[in-house]
Structure formats: C-alpha cells, structure tokens
Amino acid sequence: MFQIKNLYKDSRFRLIISANIASSIGSGITMIAIPWMLVSSDDGNKVFGFITIGMTILSFILTPFIGNLVDKVSRKKLLIVSEIVCFVLLFIFSLLGFMGLPYEIWHYTIIYMIGSLYYTIFYPTMFALNQEIFTKDHYKSLNGTMEVQGQLSSMIAGGLASILLMKWELHYILLLNTISYGAAIFFYLKLPYVRLPTIKTEVVKSQVSEGIRYMLARPAVFIFLLFSFMPFIGVMLTNYLFPVYLVDVLEADASVYGIEGMIYAIGAVIAGVFVPTLSSKFGNEKTIIFGILVYTIAISLIVFVDLPVYLSLMLFLAIGNSSTRVARNSFLMDHIPNNIIGRVDSLFRTSGLLIRILLLALFTEMVSSDLIVYCFIVLSGILMVSLSLVLISLKKGVKEKEINCPVIANT
C-alpha cells in the first residue's frame, strides 16, 4: 500500500496515466466502431478476417524492428511521434466525412491499420518506459495500476461506443479520437524524462537478434514466457471472432458489442486491483498459472451458453488474461535488463503474431464456411496445451540461476 501511495504521488506517473487514458478512450471507441462497421457490411466477415490477417502480418514484420528502436531511442519521443502521426491521419479522415464524402471499405481498412500500428508501437514503448523510469519495488503496483487504467479506459470506450454507434456518424467519432490524441501529446510533452545511459552488460550488440540469443540461453524461461502469452493471443483472436459470433450466432446488435467491452473491462479492473497483492503473496509464476487456468475454462464454455451467460463469461476471460499479463509483465521487468527489454519483449510479441497469423488464416476460412463454433473449440484446445507447457516449464527449471545465467557474446 505504501508503494502504491508513493507511485500516485509521482508526477511522472500521473502524466503517463493521464496521457494513456486520453488516447485509450479515443482509440478504443474507433477500434470498436470500425470492426462493427466492417462485419455489418456486405460480405464483411470475410473482409474483416483478411484485414486482420494482413495487419497481423505487417505487425509481425515490424515488431522486431520496433523492439530494437525502443532500445535505441528516447521512449518519450517515440510515443509523441506516434501520437502526432495518428492525430494527423485521423484528422484527415474526419475531414473527409465532414466534407460529405461517403466512407468505403478501403477507408475502414486504413483507419483500422492506423489504430493497429499505433498499438504495435505504443505497448512495447510504454512497457520499456515504465521499467526505465520507475524502481523495481514499484513494478507489481505499477503493472496492476496500468492494467486498471487501461481497462477503465476500455470500459468507458465500450460504454460510449454502445451509444455513439447508434447516434453518431463515423467522422464525429474520428474527430473525438483526434482530440484524445492531442490531449495525450500535451501530457507526454510535460513528462520529465532523461534517457538513461546505456549500461554495459553481457549483451554487447544493438541488434534485433540479441533478444533471441538472450532467451535461448534460458530455454525453460523462454517456454514459460512464450506459452503464458497465449491468453493475450486468445484475446487478439477473439477481437475477430466475437463480433462475428455476436452477429451470426447470437444475433445481437451494436449496443451488445459495446456492453461486452464494458463487462470485460470490469473483470480486467478487478484483476488489476488484486493481482499485485496475489503476486506478492504467491509469486508471479503461480499468479500466471492461475490466470491461464481461468481464461482457458471461460473460453471453453463460450459455445455452450446463451447471450446473458456469454456476457458474464467476459468477466472471467478478462480476469484470466489480465492476471496473466500483470504478473507476466512484472516477471519480465524483474529479470530482463532495461537496455534489451525492447528486443526481448518484441521476441515474444513477434512469436505471438506468428501464431496469430496462422490461427487467423485458419479461423477466417472456418468462419467463411460457417464453422465459427469450431474456432472456439480449437482455441480452447490450444489454451489447454499451453497451460500444460507452462506447468511443465515451471517444474523443469524457471529458476533464478537460469534467469540470471550469462550470455556469451558473438566473437
């Protein structure tokens, strides 16, 4: 509790939270609106699937280089530049609507690309920035609070989206998004930040491959961290599956999609509040296992329930994913040096993106063949296997001595 109070008193923390809330709400509404507009259009399910696959492939290509960039440049400048680019592009698309030009599929596609690329840059940069400017004893409270902030923003975005999608045209939503980016830029500009000097470690090269070399020297930890990433991959996959499932199977309207996001956010907030205490008492590793187990059970029940129970399962999906993510982020911050955290983090994000590409290709084909129920069965099986591998790797050797073993540099 003392650490949380100290964190809240830190002006840097308050500025980061303010910037994140602003940008998260604006981009969250847009990233709810665009998928819904796509899946509601003619042959939209298949189009949205291909768009999602295309963006995942692009993120897969870019993520290792973004990780390297995160380790080499000012994290503050990287965040500001990404906000400015998104601000300008979305403002242009908003103007098109105010000029009376109709939006078409390609407009939706580019807007979705802008939001997806923003997230691809934002998350690893913010993760590295937080590790850089805050102390180790704050990591659990910091990650828990960031999860609460992110999900409260998502809950607000979901609530607003459920209303605005019924009342506003897209150009008004995009204008709101640009205003939110403008607010974020203001807060980031006020953030006191001095780039830490590079500390010499056993990792001597500033190359994309160093993240791979660092983790291959720790195979049990690599397996543990890779498969503990699966609930997050599941969330990314269900961002495609859930809108289709709601429209085609449960026959719900746009307001239900917004309510789903709000319920999910409530569950994630619950996790963000209690996981730091849980991790302190039982350890990050056991908390990760708890999160994967809860997520796996919830996703396995989706296809057997009606709409009210489906919505209640969103609570448990959120608790499972957020518990895993908060504890996993704390584990990474505790054990990975800050000067290579971008590349190590990007290794797992890239691996996750590859898995997503393969599964999205499979699921898009299955959805086009009216087999969406079987998509959830496949996802459930993958989560069960992942849980088993996490347990095995933990039992085999996720230990301090392996985490801290030296890396032999190339000569």
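Residues numbered from 1 in each chain as written. Predicted model: local features only at pLDDT ≥ 70, side-chain atom pairs only at ≥ 80, totals over all residues. Heavy atoms only, no water.

## Considering the side chain of Ser228
- Among the structural elements, Ser228 can be located in the loop between helix 9 (219-227) and helix 10 (230-248).
- Assessed through its relative accessible area of 2%, Ser228 is described here as buried.
- At 2.9 Å, the side chain of Ser228 forms a polar contact with the backbone oxygen of Phe224.
- At 3.1 Å, the side chain of Ser228 and the side chain of Arg328 are in polar contact.
- In contact with Ser228, not counting residues within four places along its chain, are Ile288, Ile292, Thr324, Arg328 and Val390. (Helix = DSSP H or I, 4+ residues; strand = E, 2+ residues; numbered from the N terminus. Buried < 20%, exposed > 50% of the residue type's maximum accessible area, 1.4 Å probe, protein only. Polar contact = N/O pair within 3.5 Å; in protein donor to acceptor, adjacent residues only side chain to side chain. Contact = heavy atoms within 4.5 Å.)

## Re the side chain of Ser380
- Relative to the elements of secondary structure, Ser380 occurs in helix 15 (residues 372-397).
- Within the structure, the side chain of Ser380 is placed 2.5 Å from the side chain of Ser300, a separation counted as a polar contact.

## Observations regarding the packing of helix 9 against helix 14 (residues 341-368)
- Between helix 9 and helix 14, the shortest axis-to-axis distance is 10 Å and the interhelical angle comes to 55°. With respect to helix 14, the axis of helix 9 lies oblique. In terms of crossing hand, the pair formed by helix 9 and helix 14 is right-handed. For the pair helix 9 and helix 14, the contacting residues are Phe222, Leu225 and Leu226 in the first and Leu347, Phe348 and Ser351 in the second.
- Looking at side-chain class alone, the contact of helix 9 with helix 14 contains five nonpolar, one polar and no charged residues. (Axes fitted to C-alpha atoms, helices over the stretch in contact; angles between N-to-C directions. Parallel < 35°, antiparallel > 145°, perpendicular 65-115°, else oblique. Left-handed = near helix turned anticlockwise from the far one by under 90°. Nonpolar A, V, L, I, M, F, W, Y, C, P; charged D, E, K, R; others polar.)

## Observations regarding the pattern of salt bridges
- Under the counting rule described, the total for this entry stands at six salt bridges.
- Close ionic contact of Arg12 with Asp10 constitutes a salt bridge, the shortest N to O distance being 2.8 Å.
- Among the residues examined, Arg12 registers a relative accessible area of 25% and is labelled partly exposed.
- The residue Asp71 makes a salt bridge to Arg75 at a minimum N-O spacing of 3.4 Å.
- Given a relative accessible area of 8%, Asp71 falls into the buried group.
- Overall, Arg75 belongs to the buried group, its relative accessible area being 0%.
- Taken together, the salt bridges that share partners define one network made up of Asp71, Arg75, Glu132 and Arg343. (Salt bridge = Lys/Arg side-chain N within 4 Å of Asp/Glu carboxyl O.)

## What to know about the packing of helix 4 (residues 75-98) against helix 5 (residues 105-133)
- At a minimum axis distance of 9 Å, the contact between helix 4 and helix 5 shows a crossing angle of 160°. Compared by their axis directions, helix 4 and helix 5 come out roughly antiparallel. For the pair helix 4 and helix 5, the crossing hand works out as left-handed. Here helix 4 contributes Arg75, Leu78, Leu79, Ser82, Glu83, Cys86, Leu89, Leu90, Phe93 and Leu96 to the contact with helix 5, which in turn contributes His107, Ile110, Ile111, Ile114, Tyr118, Ile121, Phe122, Thr125, Met126, Ala128, Leu129 and Glu132.
- The residue makeup of the contact of helix 4 with helix 5, split by class, is 16 nonpolar, three polar and three charged.

## Regarding the environment of Tyr119
- Here Tyr119 shows up in helix 5.
- Through-space distance from the C-alpha of Tyr119 to that of Ser82 is 9.6 Å; in sequence the pair is 37 residues apart.

## Concerning the nonpolar core
- By size, the foremost hydrophobic cluster in this structure holds 117 residues, and its most contacted members are Leu170, Met215, Ile302, Tyr310, Leu317, Phe363 and Phe376.
- With 15 residues, helix 2 (residues 11-39) is the largest single contributor of residues to this core.
- When near neighbours in sequence (up to four residues on either side) are disregarded, Phe376 contacts Thr238, Leu241, Phe242, Tyr245, Ile299, Ile302 and Val303. (Core = buried A, V, L, I, M, F, W, Y, C linked by side-chain atoms within 4.5 Å.)

## Digging into the confidence of the model for the protein chain
- Averaged over the protein chain, the pLDDT score is 84; the fraction of residues at 70 or greater is 91%.
- When the elements of the protein chain are averaged for pLDDT, helix 16 (residues 400-403) gives the smallest value, 48, and helix 12 (residues 284-301) the largest, 94.
- Counting contacts from residues 405-411, a segment whose pLDDT is below 50, to residues more than four positions away or on other chains yields 13 contacts. (pLDDT = per-residue confidence, 0-100.)

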